[in-house]
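# Structural overview for review
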Amino acid sequence: MADTAPTASRRSPLADAAPRLAAVTRSSGGALRLAELPFLAQVNVRLDAKSPAADAVGLALGVQLPLEPDTVVHAGEVTAVWLGPDEWLVAGRPGTEGELEGRIRTAAADAEAAVTVTDVSAQRTTLLVGGPRARDLLAHGCALDLHPRAFGPGRCAQTTLARTQVVLVARDETRAGFWVLVRSSFAGYLVDWLLDAAVEHV
């Protein structure tokens, strides 16, 4: 007998917030752009940055793992975010986490190096904060100096925004805005804060 039980559709942590985020984007007249980027593939990687595995993994991904603290490297649809001297977050298109994990493991094995690879895609969601007033909005709740000279394209940081732990990534171009990676359980609170703070910047 065929299984006729309904399958649960995948639902992002901020699905219910999408209309409110879109409303702020519209009412700001382009000054702010707020949106969730749901289901990005996110793979945590730990290995010796000085080992041949680092280069091998970079070749397998098509993007070298950044070695400079608090930097991001982007190529094609893969982004590598520096989290520590031996730790990175590799992000890609939704649904590619298994592929990314496999490529990393294979490359490290070929280099005969120890590596820890963990799929953390379900742990966080990603908010896009863009527009000319994006830095002003984020600075309202973040202690980092977000001026382009200090935190320009290609920079990242593990920091707090509105007392919430986030990974903040400045995208490749200044106009591209920021990624705010936040734990799913705190995403609703952070969106409420952003929407309240946005009132002052619209």
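Scroll up for the structure.
Please read these numbers as outputs of a predicted model, since none were measured by experiment.

Below, the discussion takes up the overall build of the protein chain. Counting its regular elements, the protein chain contains five helices and ten strands. Relative to a compact globule of 202 residues, whose C-alpha radius of gyration would be 17 Å, the protein chain shows 18 Å and is just as compact. Taking as baseline every contact in the protein chain between residues at least 6 positions apart, the subset at least 24 positions apart corresponds to 61%. Carbon and sulfur atoms provide 52% of the accessible area of the protein chain, an area that totals close to 10,300 Å². Considering the protein chain, the positive charge centre built from 19 side chains and the negative charge centre built from 23 side chains are found 6 Å apart.

A separate point is the sheet that holds strand E3 (residues 72-75). The antiparallel open sheet is built from five strands, whose spatial order is E3-E4-E5-E2-E6. Both outer strands of the open sheet, E3 and strand E6 (116-119), are each paired with one neighbouring strand and no more. Across the sheet, the mean angle from the axis of one strand to that of its neighbour is 20 degrees, orientation sign disregarded. Its contacts with the sheet place helix H3 (residues 97-110) against strand E2 (41-46), strand E4 (78-84), strand E5 (87-92) and E6, and it is angled at close to 20 degrees to E2.

We now examine the packing of aromatic side chains. This model, assessed by the stated rule, comprises one aromatic pair. Between phenylalanine 151 and phenylalanine 178 the ring centres are 6.3 Å apart and the planes differ by 20 degrees, which places this aromatic pair in the stacked class. A residue pair is termed long-range when its members are at least 10 positions apart, and phenylalanine 151 in the loop between helix H4 (134-139) and strand E8 (156-161) and phenylalanine 178 in strand E10 (residues 178-183) qualify at 27 residues. Judged by relative accessible area, which is 2%, phenylalanine 178 ranks as buried.

Here we have five strands laid out as an open sheet, ordered E1-E7-E10-E9-E8, and antiparallel in their pairing. Edge positions in the sheet fall to strand E1 (33-37) and E8, since each of these pairs with one other strand and no more. For this sheet the average axis-to-axis angle between neighbouring strands, irrespective of direction, equals 30 degrees. As paired elements, E1 and strand E7 (residues 124-130) share five bridges and run antiparallel to each other.

Where burial is concerned, most of E4 is hidden: seven out of the seven residues are buried. Bridge count for E3 against E4 is four bridges, and the pairing is antiparallel. From the neighbouring strand, alanine 75 faces E4, where its bridge partner is valine 78. Where E3 hands over to E4, the hairpin turn is made up of two residues, of which glycine 76 adopts a positive phi near 60 degrees. Inspection of the sheet shows E4 paired to E5 by five bridges, in the antiparallel sense. Bridge pairing in E5 links glycine 84 to glutamate 87. Connecting E4 to the next strand, E5, in antiparallel fashion are two residues.

Criteria and thresholds
Throughout this document, residue positions are counted from 1 along each chain, in the order its sequence is written. Restriction of local features to residues with pLDDT of at least 70 applies here, the model being predicted, together with a cutoff of 80 or more for giving and counting side-chain atom pairs; totals for whole chains, interfaces and linings are based on all residues. Based on all heavy atoms of the structure, the side-chain values leave hydrogens and waters out of the count. Runs of H or I in DSSP of at least four residues are treated as helices and runs of E of at least two as strands, each being numbered from the N terminus. We compute the radius of gyration from the C-alpha atoms alone; for a globule the expected value is 2.2 Å times N to the 0.38, where N is the number of residues. Contacts: residue pairs with any heavy atoms within 4.5 Å of one another. Only the protein chains shown count as cover for residues, with accessible areas throughout obtained via the Shrake-Rupley method and a probe of 1.4 Å. All tallies of charge rest on Lys and Arg as positive and Asp and Glu as negative; His and the ends of each chain are not included. Where a charge lies is defined by one atom per residue type, namely NZ (Lys), CZ (Arg), CG (Asp) and CD (Glu). In this description, strands pair whenever DSSP reports at least two bridges between them. Note on method: axes are straight lines fitted to C-alpha atoms, helices fitted across the in-contact stretch only, with angles between N-to-C directions ranging 0 to 180 degrees. Only rings of Phe, Tyr and Trp enter the pairing, Trp through its six-membered ring, and a pair is recorded when the two centres are within 6.5 Å. The plane angle decides the type: under 30 degrees is stacked, over 60 is edge-to-face, the rest tilted. Each residue is placed in one exposure class: buried if its accessible area under a 1.4 Å probe, protein chains only, is under 20% of its type's maximum, exposed if it is over 50%, and partly exposed if it falls in between.

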